[in-house]
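Listed below, chain by chain, are the residues.
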Amino acid sequence: MSWEDRPRSELGGLACITAGPVSGTPVLLLHGVGLRAEAWGGQLNAFARYRVIVPDMPGHGESAALEGEPTLSRYSDRLASLAETLGSPAVVIGHSMGALVALDFASRFPDRCLGVAAVSAIFRRSAGAAASVRQRAAALLSGNGPDPTPTLARWFGAEDNPAMVEACDRWLRGANLSGYGAAYTVFAAEDGPSDAALAALGCPALFLTGAADPNSTPAMTKAMAALTPDGVAEVIPGAAHMVPMTHAAAVNAALLSFIDRCMGAPT
């Protein structure tokens, strides 16, 4: 599987990789902090029967940064601008920070969301985890270039995937420091969707994480699913934070079944 850069098109103010049919119900894939659209390379070919749109999130890859103070709602507003150009409601799938954006979008723009999948999402961090992520955000904002080594150790755990690690290392080192820092600041300040927002979700929701993810834990995933009227939790054995890359086959099977259900297809 190649993790090389792919060409983009501009859609709704964001630089996007597109795949599959040029019309039909869109499937939006949102990456995490410091990454870019190619992080979903393990899904693009597998999802080829769908109209797949993978944006570089604001301030990442080839997408312009947010204007004004970064907040979660401003990221989901930019996603809403993209969704508005597509002509029909979308199934929205996010990983890590992208999962927070996806859930906020589903909550605030229910008429534009057929279903939401949150992969490796955080929910009610422990005090120690919250302090650690705030400390990492402050270090980025200090203006020093990121050292991806500890980040990659958390993301991949004991997984031996040198090509994937090298790709993430390259994306993190090449990230726009301002855009990376802004997104990380928002990510550090958030603690997951409110209980009320989850309880009010009117669309199907899938919460998926890796069993070995120390920060987006199975307990978090199960708690969110339990609060959501049509929520399902799935835990991928042996996987750490970068589960869409390292365990693409298992993730794709879960997401394909979910997308079909959101679109009304038999599973």
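How each quantity is defined
- Residues numbered from 1 in each chain as written.
- Predicted model: local features only at pLDDT ≥ 70, side-chain atom pairs only at ≥ 80, totals over all residues.
- Heavy atoms only, no water.
- Salt bridge = Lys/Arg side-chain N within 4 Å of Asp/Glu carboxyl O.
- Helix = DSSP H or I, 4+ residues; strand = E, 2+ residues; numbered from the N terminus.
- Buried < 20%, exposed > 50% of the residue type's maximum accessible area, 1.4 Å probe, protein only.
- Pairing = 2+ DSSP bridges.
- Right-handed = clockwise from strand over helix to strand, strands pointing away.
- Axes fitted to C-alpha atoms, helices over the stretch in contact; angles between N-to-C directions.
- Contact = heavy atoms within 4.5 Å.
- Core = buried A, V, L, I, M, F, W, Y, C linked by side-chain atoms within 4.5 Å.

Enquirer: Can you walk me through the pattern of salt bridges in this structure?
Expert: A pair can form between side chains of opposite charge whenever their charged atoms are brought close. Within the structure shown, the criterion is met by 12 salt bridges. As a salt-bridge pair, Asp5 and Arg36 come within 4.0 Å of each other at their nearest N and O atoms. Remark: Arg36 occurs in the loop between β3 (26–30) and α1 (41–44) and Asp5 occurs in the segment before β1 (9–11); sequence separation between them is 31 residues. Ionic pairing is found between Asp260 and Arg49, a salt bridge with its closest N-O pair at 3.0 Å. With Asp260 in helix α11 (residues 248–262) and Arg49 in the loop between α1 and β4 (51–55), the pair connects residues that are 211 residues apart, well separated along the chain. Residue classification places Arg49 among the exposed residues on the basis of a relative accessible area of 51%.

Enquirer: I would appreciate a short explanation of the pairing of strand β8 (residues 231–236) in the present structure.
Expert: Regular strands place side chains that alternate from one sheet face to the opposite one. Of the pairings in the sheet, the one linking strand β7 (residues 205–210) to β8 comprises six bridges and is parallel in character. Note that in β8 the partner of Ala205 across the bridge is Gly231. For the crossover from β7 across helix α9 (residues 218–227) to β8, the handedness is right-handed.

Enquirer: Just to check I follow, could you spell out the sheet that holds β8 for this structure?
Expert: The strands making up a sheet associate through backbone hydrogen bonding, with each pair oriented either parallel or antiparallel. The strand order across the open sheet formed by eight strands is β1-β2-β4-β3-β5-β6-β7-β8, and the pairing between neighbours is mixed. Sheet topology places β1 and β8 at the edges, where each strand pairs with a single neighbour. Within this sheet the neighbouring strands show an average axis-to-axis angle of 25°, counted without direction. Set on the sheet, helix α2 (residues 72–86) makes contact with β1, β2 (14–19), β3, β4 and β5 (90–95); between it and β3 the angle comes to about 160°.

Enquirer: Would you mind going over the nonpolar core with me for this structure?
Expert: Judged by nonpolar contacts, the single largest core of 62 residues is most densely connected at Val92, Val116 and Cys168. Here the element with the most residues in this core is helix α3 (residues 97–108); it accounts for eight residues. Counting residues in each nonpolar core, the second largest holds 27 residues, with Tyr50, Leu208, Ile236 and Cys262 among its members.

Enquirer: Help me understand the pairing of strand β6 (residues 113–119) in this model?
Expert: For β6, a buried count of six out of seven residues is recorded, marking the element as mostly surrounded by other parts of the structure. Note that β5 and β6 share six bridges and pair parallel. Residue Val91 lies in a different strand from β6, and its bridge partner there is Gly115. Note that the unit made of β5, α3 and β6 has a crossover that is right-handed. As paired elements, β6 and β7 share four bridges and run parallel to each other. Within β7, the position partnered with Ala118 by the bridge is Phe207.

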